[in-house]
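Structure assessment
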Amino acid sequence: MNLETRLPRNGKEGALYGAIICTLTVLFMSSLNIILAVGEFNGEVALSILKVFPIIWVIVMIIEPVVIGRIAEKLTAKFTQPSDSFNAKILFRILFTVLGMSFVMTFIGDIIGNGLSSDTFHHFLANWPRNFLIALIAESIVIQPFARFVMVKLHASQDKKKSSTAGITA
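The following paragraphs examine the structure supplied in this document. The model shown is predicted, which means the values in this text are computed figures rather than measured ones. (Residues numbered from 1 in each chain as written. Predicted model: local features only at pLDDT ≥ 70, side-chain atom pairs only at ≥ 80, totals over all residues. Heavy atoms only, no water.)

Observations regarding the packing of aromatic side chains
- Applying the stated criterion across every chain yields a total of nine aromatic pairs.
- The aromatic ring of Phe86 is capped on one face by Arg6, whose charged end is 3.6 Å from the ring centroid. (Phe/Tyr/Trp six-rings, centres within 6.5 Å; stacked < 30°, edge-to-face > 60°. Lys NZ or Arg CZ within 6 Å of the ring centre and 35° of its normal.)

Here's what the structure looks like:
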C-alpha cells in the first residue's frame with residue numbers, strides 16, 4: 001500500500017499540519033501588517049505582535065478548518081480531476097485557502113488593530129490585495145512546503161518504528 005507521505009494521515013497529524021501552517025502564517029502576516037501600519041520595528045511593535053498573535057492564531061485555527069478549508073476543498077475538487085497531479089491539487093488548495101483566509105483576516109485584523117469604523121472598508125481595499133499576494137507567495141514557496149516536509153519526516157519516523165517493531169515480533 002502506497003500512502004501519501006506529504007499530507008496528514010489522521011486527525012492528530014491534521015491538527016499538527018494545520019497548526020504548523022497557521023502558526024507560521026499568522027506570525028508572518030500579523031508581524032508584516034503591524035510593522036507596515038506602525039512604519040518601523042521596535043520593542044513596542046514586537047510586544048504588540050506577541051499580544052495579538054494568540055488571538056489571531058485562535059481565530060485562524062477555527063475559521064480555516066470550519067469554513068474556509070471546506071470551501072477550498074470543494075473548489076479544488078471542482079477545478080481539478082482525480083487524474084491531476086498532487087502539485088496541481090495542492091496549488092489550487094493553497095490558492096483558494098489563501099484567497100478566503102486573506103479576505104476574512106484582512107477585515108478581522110483591521111478590526112482587532114483599529115476597531116470597527118467607517119475606515120474599515122477603505123483599509124480593506126488598500127490592504128487585501130497586498131495581503132493576498134504576500135500570503136500566496138509565502139504559503140506556496142515556504143510555509144506549505146515546510147509543513148509537508150514535517151509530515152514526510154514524521155511518516156518516515158513512524159514507518160521506521162513499524163518496521164523495527166515488525167522485525168522484533170516476526
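Past the structure itself, the notes keep going.
Details of the nonpolar core
- Among the nonpolar cores identified, the biggest contains 12 residues, and these are Cys22, Val26, Ile34, Val45, Ile49, Val52, Ile56, Val60, Ile63, Ile68, Met101 and Met105.
- Listed by contribution, the elements that provide at least two residues to this core are α1 (11–38), α2 (43–79) and α3 (86–114).
- A per-element tally of this core places α2 first, with seven residues.
- Discounting residues that sit within four places of it in the chain, Ile68 has contacts with Ile63, Phe96, Thr97, Gly100, Met101 and Val104. (Core = buried A, V, L, I, M, F, W, Y, C linked by side-chain atoms within 4.5 Å. Buried < 20%, exposed > 50% of the residue type's maximum accessible area, 1.4 Å probe, protein only. Helix = DSSP H or I, 4+ residues; strand = E, 2+ residues; numbered from the N terminus. Contact = heavy atoms within 4.5 Å.)

Considerations on the side chain of Thr76
- Topologically, Thr76 is positioned in helix α2.
- A relative accessible area of 8% places Thr76 in the buried class.
- Here Thr76 is in contact with Lys89, Phe92, Arg93 and Phe96, once residues within four sequence places are set aside.

Concerning the pattern of salt bridges
- Under the criterion given, the structure shown has four salt bridges.
- Across the pair Arg6 and Glu4 runs a salt bridge whose closest N-O atoms are separated by 2.7 Å.
- On the basis of relative accessible area, Glu4 is assigned to the partly exposed category, the value being 30%.
- Across the pair Glu64 and Arg93 runs a salt bridge whose closest N-O atoms are separated by 3.1 Å. Taken as a pair, Glu64 in helix α2 and Arg93 in helix α3 lie far apart in primary sequence, 29 residues in all.
- Overall, Glu64 belongs to the buried group, its relative accessible area being 17%.
- Residue Arg93 is classed as partly exposed on the basis of its relative accessible area of 22%.
- One connected set of salt bridges, linked through shared partners, spans Glu64, Glu73 and Arg93. (Salt bridge = Lys/Arg side-chain N within 4 Å of Asp/Glu carboxyl O.)

What about the environment of Thr97?
- Mapping Thr97 onto the fold places it in helix α3.
- Taking relative accessible area as the criterion, Thr97 reaches 14% and is therefore assigned buried.
- When the C-alpha positions of Thr97 and Leu116 are compared, they lie 25 Å apart, and in sequence the two are 19 residues distant.
- Excluding anything up to four places from it in sequence, Thr97 contacts Glu64, Ile68 and Ala72.

A word on a nonpolar patch on the surface
- A contiguous nonpolar patch, built from Val58, Ile62, Val66, Val67 and Ile71 and spanning about 410 Å² of accessible area, is present on the exposed surface.
- Structurally, the position occupied by Val66 is in helix α2. (Patch = residues over 30% accessible without salt bridge, like charges linked within 9 Å, V, L, I, M, F, W, Y side chains within 5 Å. Areas by Shrake-Rupley, 256 points an atom, 1.4 Å probe, with all protein chains shown as cover.)

Considering the environment of Arg93
- Taking the C-alpha atoms as reference points, Arg93 and Gly11, separated by 82 residues in sequence, lie 18 Å from one another.
- Here Arg93 is in contact with Glu64, Gly69, Ala72, Glu73 and Thr76, once residues within four sequence places are set aside.
- Separated by 2.2 Å, the side chains of Arg93 and Glu73 make a polar contact. (Polar contact = N/O pair within 3.5 Å; in protein donor to acceptor, adjacent residues only side chain to side chain.)

A short note on the packing of α2 against α3
- Viewed as axis vectors pointing N to C, α2 and α3 meet at an angle of 145 degrees, and their least axial separation amounts to 8 Å. The crossing of α2 and α3 is right-handed. (Axes fitted to C-alpha atoms, helices over the stretch in contact; angles between N-to-C directions. Left-handed = near helix turned anticlockwise from the far one by under 90°.)

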